[in-house]
Amino acid sequence: MLGLPALILAIVAILITTVGWRWFYIAAVTSKRDITALFAYARLLILIKKWERKNMTISDIFEQYVAIHPDKDAILYENDKWSFRKLNEFSNCIANLFHSHGYKRGDVVALLLENRPEFVGIWLGLSKIGVITPLINTNLKGPSLLHSVTIAKSAALIYGEAFTQSVEEISKDLPSNVATYQFNNENNKPVSGVAKDLKTLLHSYSKDKVSKSADRADHHDKLLYIYTSGTTGLPKAAVISHARYAFITSGIHYTMGFKNDDIYYTPLPLYHTAGGVMSMGQALLFGSTVAIRKKFSASGYFADCKKFDATIGQYIGEMCRYILATPESQNDKTHNIRVLFGNGLRPQIWPQFVDRFNIPKVGEFYGATEGNANIMNNDNKVGAIGFISRIIPAVYPISIIRADENTGEPIRGPDGLCQLCRPGEPGVFIGKIIKGNPAREFLGYVDEKASKKKIVTDVFVKGDAAFLSGDLLVADERGYLYFKDRTGDTFRWKGENVSTSEVEAQVSNVAGYKDSIVYGVHVPNTEGRAGMAAIYDPERLVDIDSFADNLRKILPNYAMPQFLRFLSKLDLTGTFKLRKVDLQKEGFNPNEIKDRLYYLASTGKYEVLTPEIYKKIYENVIKF
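Rules used throughout
- Positions within a chain are numbered from 1, following the residues in the order the chain's sequence is written.
- With the structure being a predicted model, the display of local features is reserved for residues of pLDDT at least 70 and the display and counting of side-chain atom pairs for 80 or more, all residues being used for whole-chain, interface and lining totals.
- For side-chain calculations, the full set of non-hydrogen atoms in the structure is used, while hydrogens and water are omitted.
- The way it works is that DSSP assigns letters per residue, a run of H or I at least four long becomes a helix, a run of E at least two long becomes a strand, and they are numbered from the N terminus.
- Think of it in three bands: with a 1.4 Å probe and only protein chains considered, a residue is buried below 20% of the maximum accessible area for its type, exposed above 50%, and partly exposed in between.
- Residue contacts are counted whenever heavy atoms from the two residues lie within 4.5 Å of one another.
- The axes are straight lines fitted to the C-alpha atoms, using for helices just the contacting stretch, and the angles between their N-to-C directions are given from 0 to 180°.
- Any angle between 65 and 115 degrees counts as roughly perpendicular, while under 35 counts as roughly parallel, over 145 as roughly antiparallel, and the rest as oblique.
- Each crossing gets its handedness from the near helix: less than a right angle anticlockwise from the far helix is left-handed, clockwise is right-handed.
- Note on residue classes: Ala, Val, Leu, Ile, Met, Phe, Trp, Tyr, Cys and Pro are nonpolar, Asp, Glu, Lys and Arg are charged, and everything else, Gly too, is polar.
- Note on pairing: two strands pair once DSSP finds at least 2 bridges between them.
- Nonpolar core, defined: a set of buried Ala, Val, Leu, Ile, Met, Phe, Trp, Tyr and Cys residues in which side-chain atoms within 4.5 Å join the residues together.
- Arc definition: it is the arc formed by the directions from the helix axis to the C-beta atoms.
- Geometry of aromatic contacts follows a simple scheme: Phe, Tyr and Trp rings, the Trp one being its six-membered ring, pair when their centres are within 6.5 Å, and the pair is stacked under 30 degrees between planes, edge-to-face over 60, tilted otherwise.
- Placement of a charge over a ring requires the Lys NZ or Arg CZ to be within 6 Å of the ring centre, with the centre-to-atom vector within 35 degrees of the ring normal.
- The term polar contact refers here to a pair of N or O atoms within 3.5 Å; inside protein, the definition further demands a hydrogen-donor-capable atom paired with an acceptor-capable atom, and it admits residues adjacent in sequence only when both atoms are side-chain atoms.

Peer 1: Talk me through the overall build of the protein; I want residue IDs and the actual numbers.
Peer 2: The helix and strand inventory of the protein stands at 18 helices and 28 strands. Along the first, second and third principal axes, the C-alpha atoms of the protein reach 90 × 70 × 55 Å. Per-residue burial for the protein yields a buried fraction of 56% across its 624 residues. Nonlocal contacts in the protein, meaning residues at least 24 apart in sequence, comprise 69% of its contacts between residues at least 6 apart.

Written as structure tokens, this is what we have:
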């Protein structure tokens, strides 16, 4: 019989034979990262299971903190402070009003409102009577706005007075059963058409908890619809349940080591998951204070952090670049930010940003609103968006699989199953779907057909399923993940996903139904890809000035093509499709392209893109 030392040596020899010495090295250098994440994940699951067992909704958890510290600041906004008591009372008024108007559990009431404390109070109040709230992107107009209201089967629309014109423009096309509530900045101001004056009406309703006659929601009920452009088409309404909201908020909280007494600063829109869930959720679920801003300001970012005494800051990639481009200020290093978290901080500016603004820790994360493949860089690794554990990968089953870089379709092996990528090999990021598991469940979109397109089956065994992110990632030997590109028909610009098929439809309509194709092109010194539209117009019938004016009326600013190319001939595939890939590769270089080229100037008009202008764009003299 072998003695203990000999047995240990035998086991080590077997491991070396099967996994090699390199495995032990990787395990040694990544163990702290992985164990820290594992401990955070365990705490997360314990908390989530407790809330699930008690069938707690977001408002139930929030009301616990109202009872603990009613006078603590929940939301800071400009010079206004909303205590937990004030936010709760406002949300109760909303709940009582809409309950009296006949709205009940399972109904849908859309919200179109700028960043302000009432934004949170409205959807929180609606959730108290089981109503689902689609959070509509405030940049949307025309067909996109109409679609967002109707695809969710909204019974009503609440909108701020700043969006009166946008709502009026679609009012005639709204279903007749959709009631409208206008939220003005002051009481007793005129409202549009048949809309009800929500701000004035609220004064007639109780601040007390809604009557027990209202049917409350359950932990797994739908809470919000948050819109994402996905890979194709108009905005898609992703389902956020109470359980999902709790998981996202708690996940970032524990992974990044947030504390309940932290003060958060976010200038991100509250209709997106990043600002509206990850940051605002810290107030609702952990009793923290969150400072918000109506609109992002690069020069005001760290001034705000100092003003609100923030300890946690949030960003998206473009923000960091804009902030870094501002003149040096006394606020650069006199703030109290200990963690800056977000997504899209470019590796090329990461070290300079951290050094200039004295940021102790950066938490770069990656995830889709509708997806279950969410990851976090928890140890300051420059450029990484997260990691896959090399020693305990089964704990959090996410993977990178081989796929066609243009279509995102998985490349399968002879057995019909998907194939894992090797370190350094780019592939599509996926997350295993496990029903009933809050970390692994895929709730998808309101549109079930769209949801099915995001699921891949027979991944590693017959019958299993995974969420298909549509993004190309690459992992290094230690398991750190890096973003490479997007697949499909979506690109990211100004912090927003732009659906090429949606923009193509609008470009074609405005150009007189001409053949049009939209794609993203890389512009030096910018994050993401700028939109470029190629239009078949050999007769030169399109009037550039009116084209720009009409397109701006129906597209949000971030979706406006930054470049135009007027094609003199069509290049079709064998299935009569325009060759997007070839056009994308050619970019917008007038030295190589003979077609007419234009760029969207700072004046808001399209101007001729000459070789001289092209040189200035590349030298960052002309900025986008």
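More follows now that the structure is in view.
Peer 1: Give me the environment of Y614: which residues, what numbers.
Peer 2: Relative to the assigned elements, Y614 resides in helix α18 (residues 611-618). The exposure class assigned to Y614 is buried, which follows from its relative accessible area of 13%. Each C-alpha atom, one on Y614 and one on P190, is 49 Å from the other, the two residues being 424 residues apart in sequence. Those residues in contact with Y614 that lie beyond four places of it in its chain are F588, N589, P590, N591 and L609.

Peer 1: How would you sum up the packing of helix α15 (residues 500-510) against helix α16 (residues 544-554)? Please name residues and give values.
Peer 2: Their axes nearest at 10 Å, the elements α15 and α16 cross at an angle of 140°. Between α15 and α16, the interaxial angle falls into the category oblique. In the crossing of α15 with α16, the sense of the turn from one axis to the other is right-handed. Along the contact surface, α15 presents Q506, V507 and V510, while α16 presents F547, N550, L551 and I554. Class assignment for the residues of the contact of α15 with α16 results in five nonpolar, two polar and no charged.

Peer 1: Tell me what's going on with the sheet that holds strand β14 (residues 361-366), and back it up with residues and numbers.
Peer 2: For sheets, the rule is that strands pair by backbone hydrogen bonds, running either parallel or antiparallel. As summarised here, the arrangement of the eight strands in space is β2-β1-β11-β10-β12-β13-β14-β15, forming an open sheet in which the pairing is mixed. If you trace the sheet from one side to the other, it starts and ends with β2 (80-83) and β15 (375-376), each paired once. As paired strands, β14 and β15 are joined by two bridges and run antiparallel to one another. Bridging from a neighbouring strand, Y366 pairs with I375 of β15.

Peer 1: Which residues make up the sheet that holds strand β25 (residues 530-536), and what values do they have?
Peer 2: Read across the open sheet, the five strands follow the order β24-β25-β26-β27-β28; overall the sheet is mixed. The outermost strands of the open sheet, each flanked by one partner alone, are β24 (516-521) and β28 (606-608). Averaged over all adjacent pairs, the angle separating strand axes in this sheet is 25°, with direction ignored. As paired elements, β25 and strand β26 (residues 563-567) share five bridges and run parallel to each other. Within β26, the residue paired with M532 across the bridge is F563. Along the sheet, α16 contacts β25, β26, β27 (596-600) and β28; its crossing angle with β28, the most-contacted strand, is approximately 150°.

Peer 1: Describe the nonpolar core, naming the residues involved and giving the relevant values.
Peer 2: In globular proteins that are soluble, nonpolar side chains generally tend to be buried together. Within the largest apolar cluster, 80 residues are counted, with the highest numbers of intra-cluster contacts made by F98, W123, L198, Y245 and L284. Formed by 67 residues, the second largest nonpolar core is a distinct cluster that contains A110, Y519, A530 and I593.

Peer 1: Account for α18, naming residues and giving values.
Peer 2: Because each turn of an α-helix spans 3.6 residues, side chains separated by three or four positions in sequence point in the same direction. For α18, the complete set of buried residues consists of I613, Y614 and I617. Angularly, the buried residues of α18 cover 100° about the axis, an arc narrow enough to put them on a single face. In α18, the exposed positions angled more than 90 degrees off the buried face are occupied by E612 and K615. Two residues or fewer past α18, N620 is found with a positive phi of approximately 65°.

Peer 1: I'd like a description of the pairing of strand β12 (residues 312-316), backed by residues and values.
Peer 2: Judged by how many residues are buried, β12 sits mostly within the fold: five of five residues are covered. Side chains I312, Q314 and I316 project from β12 onto one buried face, and the interleaved G313 and Y315 project onto a second face that is buried too. In terms of strand pairing, strand β10 (residues 263-266) meets β12 through two bridges, oriented parallel. Looking at the pairing, Y264 lines up with I312 of β12. Across five bridges, β12 lies against strand β13 (residues 339-343) in parallel orientation. Bridging across to β13, G313 finds its partner in L340.

Peer 1: I'd like a rundown of the packing of aromatic side chains, residues and numbers included.
Peer 2: This model, assessed by the stated rule, comprises 27 aromatic pairs. Relative to F357, the ring of F353 has its centre 4.8 Å away and its plane inclined at 50°; by these criteria the two rings are tilted. With F353 and F357 both in helix α13 (residues 350-357) and four residues apart, this pair spans about one turn of that helix. Taking the relative accessible area as the measure of exposure, F353 reaches 0% and is therefore buried. Among the aromatic residues, ring-to-ring pairing joins Y265, Y301, F302, F308, F353 and F357 into one connected group. Lying across the ring of Y181, K196 places its NZ or CZ 5.2 Å from the centre.

Peer 1: Tell me about the environment of I170, and please be specific about residues and values.
Peer 2: Along the chain, I170 falls in helix α7 (residues 164-171). Of the residues examined, I170 reaches a relative accessible area of 3% and is grouped as buried. The spatial distance from the C-alpha of I170 to the C-alpha of L567 is 33 Å, given a sequence separation of 397 residues. Among residues more than four places away in sequence, those in contact with I170 are G142, L145 and L146.

Peer 1: Pulling in residues and values, what's your account of unusual backbone geometry?
Peer 2: Despite not being glycine, N55 has its phi angle at roughly 55°, a positive value. Phi angles above zero are rare outside glycine, and K494 is one such case at about 55°. Topologically, K494 is positioned in the loop between β22 (490-493) and β23 (496-499).

Peer 1: Can you tell me about the side chain of N92, naming the residues and giving the values?
Peer 2: Within the secondary structure, N92 sits in helix α4 (residues 84-100). Within polar-contact distance, the side chain of N92 engages the side chain of K128 at 2.8 Å. Here N92 is in contact with K128, S206, K207, D208 and K209, once residues within four sequence places are set aside.

By themselves, these figures tell us nothing about what the structure is for.
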